[in-house]
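# Working through the structure, step by step
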Amino acid sequence: MSTALAATKINDFSIQVATVNGSGSQTANTVLMRSIFQMGVPVSGKNLFPSNIAGLPTWFTIRANKDGYVARKAGNELLILMNPETAKEDIAKADAGCLVIYDEPLKLDALRSDLTFIPVPFQKIVTACCPEPKLHKLVKNMIYVGVAAFMLDIDLEETKKSITKQLKGKQKAIEINQGAVEAGHAWAKESGLNQTGIKVARDNKTAGKIILDGNAACALGALFAGVEVLAWYPITPASSLSETLIDYLEEYRHDKDGKATYAVVQMEDELASAGAVFGAGWAGARSMTTTSGPGISLMSEFIGLGYFTEIPGVFFNVARTGPSTGLPTRTMQGDIEICAKCSHGDTLHINLYPGTMQECFEFSSEAFNLAERFQTPIFVVTDLDLGMQNWASDPFPYPTKPYDRGKVLGEKELNEVKDWGRYKDVDGDGIPFRTLPGTPGGKGAYFTRGSGHNGYAQYSEKPEDYVALVDRLRKKYEVAKSYVPKPLSRNLGSDKGVLAFGSSDPAVIEAQDLLAQAGLKTDYLRLRALPFTAEVDTFIQEKKVIYVVEQNRDAQMAALLKEFYPEAATKFKSVLHYDGLALDAKTVVDQINAFEKSGK
């Protein structure tokens, strides 16, 4: 056979594998992706899976790119089709010249003449290489790993390493799966398959790097931050953050007598989880929960209480599509506004927006310092793409920064203080001193109420007391500008700006380069936190137009920018993506070009 692709693409392609959820394909896909990674090629993997347990279609995309572009690509050079329910639709959407490996009984080769088809007798091959029929369904996926390895010149030793890592010491399973890979490879070789369209060649661009997901990185950050209480309720796509943290706590957080130095409670619902977080924070423990948009909605009453009574707590929001149940296993940056202002009344919350695995780790740790420094709920806002997908990263540096417990009065200070007021601003930064129950001397406990109060925590309905209170809370927010992570810039020397955050970063970087190659230079600023800092002020002031890239329908970040920078409101142009798939560079390029062409 020959390929319809004109020129060989070395380490520059996208593979999409279509299978059925629950068929064991995740292992095979991860092995294929990791094998390419181990050959030194920058790579990413994105799993598009259904929200039920098993039986519905699932797609896994592997992006390999020698230049390090790892955002989802709009098209694919190789399709591996194993699901009869979606095969015809997948073929219809394929780019011309695409290489298609498919299960022979599907008989897809008659559907289009501009694709290169490779029918593979998977059942025949797996029957010959695997003596246990009950394993055929799972092992069959490894056959396509072998076929793809031969077609792309992937070293079989790398697949063996990947399988060994993936199956973690299960020797029999390792042998069976590697045997299936070798059988697929041998079949492809014996069949005389030959294509020159896409190939993998050894490189050295992944040396020393690791592959993990953002939920695992956030869990590590919380562990190193000294988290003591995890109160949570399961929800996709945040559950694995709690589950991974629990594993770490059970392994590493015990005293010399083997007693746990932490508490984990699976609560009855999200509202109870938030209540437990603030109860623990009031008592002086570093506490957190993990959730997604629906959970934040349910927690809003307690979050307002924590903000108004000034109790620390960390809330990890791994966002998915909404509203309501939405699409539980699709990604979106749709919780920007609710996390910025969660609760009724006037509230402004500190938000952190990590965009890399290292930032997931570092910001998760820093969130606990900010929560205690500012005595308030802190949101670490990621999304399903960051939280659950495969990302390459440099190893994380060991944290050396000491914990910031903020303004806490101990026994000595409490005995010396003459005019104690829990909510008095004595330093002019809006942040009062707090005490902890159980402080020796018996002066640590205090009564906290969610109704109006004065500087001495006394109930008050006086207008001047309420105004002083909410103005002081706003002052804390302004002071936080000097503490939150500053934005990062990637400037090419232009008065046209691009502003984005979080998981949009890889696609925006690629889009910025593509635009520059076509003659349109832009400067890029990646937001990493709320409140907006001085660097954002300067960027907005200097640019004539600013394209705000975000993954939601209603331009939520642009709305916040217009609110905080009303004098620059006409500068902001929204580049939006909200179909639940990870953002790709083409979407960004096309929308910016459309604005440029229209002149609006």
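Up top is the structure these notes are about.
The notes below deal with the structure included here. Treat the numbers as computed from the prediction; the structure is a model and nothing was measured. (Residues numbered from 1 in each chain as written. Predicted model: local features only at pLDDT ≥ 70, side-chain atom pairs only at ≥ 80, totals over all residues. Heavy atoms only, no water.)

## Overview of the sheet that holds strand E19 (residues 523-527)
Going by this rule: Two strands make a pair as long as DSSP finds a minimum of two bridges between them. Helix and strand definitions follow DSSP, with helices as H or I runs of at least four residues and strands as E runs of at least two, each counted in order from the N terminus. Whenever a helix is involved, its axis is fitted only over the stretch in contact; in every case the axis is a line through C-alpha atoms, and angles between N-to-C directions fall within 0 to 180 degrees. A contact between two residues is defined here by any heavy atoms of the two lying within 4.5 Å.
Pairing in this open sheet of five strands is mixed, and the strands run E17-E19-E18-E21-E22 from one edge to the other. Single-partner strands in this sheet number two, and they are strand E17 (488-490) and strand E22 (572-576). Each neighbouring strand pair of the sheet contributes to a mean axis angle of 25 degrees, computed without reference to strand direction. As defined by bridge partners, strand E18 (residues 496-501) adjoins E19 across five bridges and the pair is classed as parallel. Residue pairing across strands places Leu-499 opposite Leu-525, the latter belonging to E19. Against the sheet, helix H18 (residues 556-564) makes contact with E18, E19, strand E21 (545-550) and E22, and its axis sits at roughly 140 degrees relative to E21, the strand it touches most.

## Section: the pairing of strand E2 (residues 12-20)
Put simply, the test is: For every residue, the accessible area obtained with a 1.4 Å probe (protein chains only) is divided by the maximum for its type, and the residue is called buried under 20%, exposed over 50%, and partly exposed between those limits.
Summarising burial for E2: seven of the nine residues are buried, a large majority. Taken together, the nine bridges between E2 and strand E4 (residues 57-65) define a ladder with antiparallel strand orientation. Each residue of the ladder has a partner; that of Val-17, found in E4, is Phe-60. Across four bridges, E2 lies against strand E5 (residues 78-81) in parallel orientation. Bridge pairing in E5 places Val-17 opposite Ile-80.

## Comments concerning the pattern of salt bridges
We count it as follows: When a carboxyl oxygen of Asp or Glu is within 4 Å of a side-chain nitrogen of Lys or Arg, the pair counts as a salt bridge.
The tally for this structure, following the rule as stated, stands at 39 salt bridges. Notably, a salt bridge pairs Glu-359 with Arg-526, separated by 2.8 Å at the nearest N-O pair. Taken together, the residues Glu-359 in helix H12 (residues 357-374) and Arg-526 in strand E19 connect sequence positions 167 residues apart. As far as burial versus exposure is concerned, Glu-359 and Arg-526 are alike and both buried. Because the salt bridges share partners, they merge into one network encompassing Asp-155, Glu-158, Lys-161 and Arg-202.

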